[in-house]
Amino acid sequence: MSIKIPRRLLAELITHALQDDPKEICGLLFGTADEADELHQMTNISKKPISRYSMQPGELLEAQEKAKNSDREFVAIYHSHTFTQGYPSKTDIKNALKVSSIATRHVIVSLVEKTRPVVRAFSINSDSEVRELVIQTDGEPYRASD
Ligand SMILES: [Zn+2]
């Protein structure tokens, strides 16, 4: 299984993450099926933004309208990890169930190494099973070392 994220969106994602570091960022990838074509930034309203993220309900409604009006869907939810590896935390897995009606794919950008942000993608199903997805970017698999 894979997810398609153009290189320009990966660059936007990393820029967004570095701007708010050490706070986690969050947002949505708009697109069709498993192919993202737009990054939609959301406000992290968590009271503990260093280690958690929480999307604002009003913004989420607006995003849903925007997607609907442009015949697109949410390909993935993204957020950053500023002090940990880019793998879903226990909280992420628990929260994935709550947001599964929005999207089941989760993109995580890790800033553990500030000079070398790493983006990974996962699908988390209703049994809380986590599967890593290959990120296809402009026709090639994405490697963090690129
Ligand atoms: Zn997380």
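Every value quoted in this text rests on a predicted model; they were computed, and no experiment measured them. (Residues numbered from 1 in each chain as written. Predicted model: local features only at pLDDT ≥ 70, side-chain atom pairs only at ≥ 80, totals over all residues. Heavy atoms only, no water.)

**Topic: the coordination of the zinc ion**
- The coordination sphere of the zinc ion contains the protein donors His79 (NE2), His81 (NE2), Asp92 (OD) and Asp92 (OD), at a distance range of 2.0 to 2.6 Å.
- Seen from the zinc ion, its 4 donor atoms lie at angles of 56 to 157°, and the figure they make is irregular.
- Each donor residue of the zinc ion lies on the same chain, and together they follow the pattern H-x1-H-x10-D. Pair noted here: His79 is in strand S4 (residues 73-81) and Asp92 is in helix H3 (residues 90-98), with a separation of 13 residues, a long-range link. One exposure class covers both His79 and Asp92, and it is buried. (Donors = N, O, S within 2.8 Å, 3.2 Å for Na, K, Ca; no water. Tetrahedral: all angles 85-135°; square planar, octahedral: opposite > 155°, others 65-115°. Helix = DSSP H or I, 4+ residues; strand = E, 2+ residues; numbered from the N terminus. Buried < 20%, exposed > 50% of the residue type's maximum accessible area, 1.4 Å probe, protein only.)

**Overview of H3**
- Three or more residues of H3 are buried, namely Thr91, Asp92, Ile93 and Ala96.
- Next to the buried residues of H3 lie S4, strand S5 (105-110), strand S6 (118-124) and strand S7 (130-137). (Contact = heavy atoms within 4.5 Å.)

**Section: the nonpolar core**
- Ranked by internal contacts, the top residues of the largest apolar core, which has 22 residues, are Ile3, Ile5, Leu13, Leu29, Val107 and Val119.
- Of all the elements in the fold, those that place two or more residues in this core are helix H1 (7-20), strand S3 (35-42), S4, S5, S6 and S7.
- Setting aside residues up to four positions removed in sequence, Ile5 forms contacts with Leu10, Leu29, Val107, Ile135, Gln136 and Thr137. (Core = buried A, V, L, I, M, F, W, Y, C linked by side-chain atoms within 4.5 Å.)

**Section: the environment of Ala63**
- By secondary structure assignment, the location of Ala63 is in helix H2 (residues 57-69).
- The class of Ala63 is buried, set by a relative accessible area of 0%.
- Sequence-wise, Ala63 and Glu73 are 10 residues apart; in three dimensions their C-alpha atoms are separated by 9.6 Å.
- If near-sequence neighbours (up to four positions away) are discounted, Ala63 is found in contact with Leu28, Phe30, His40, Met42 and Phe74.

**Examining the pairing of S4**
- The element S4 is largely enclosed, with a buried count of 8 among its 9 residues.
- As paired strands, strand S2 (residues 26-32) and S4 are joined by 6 bridges and run antiparallel to one another. When the bridges of S4 are listed, Phe30 appears paired with Phe74.
- Both S4 and S5 contribute to a ladder of 5 bridges, which runs parallel. Residue pairing for S5: His79 is matched across the bridge by Ile108. (Pairing = 2+ DSSP bridges.)

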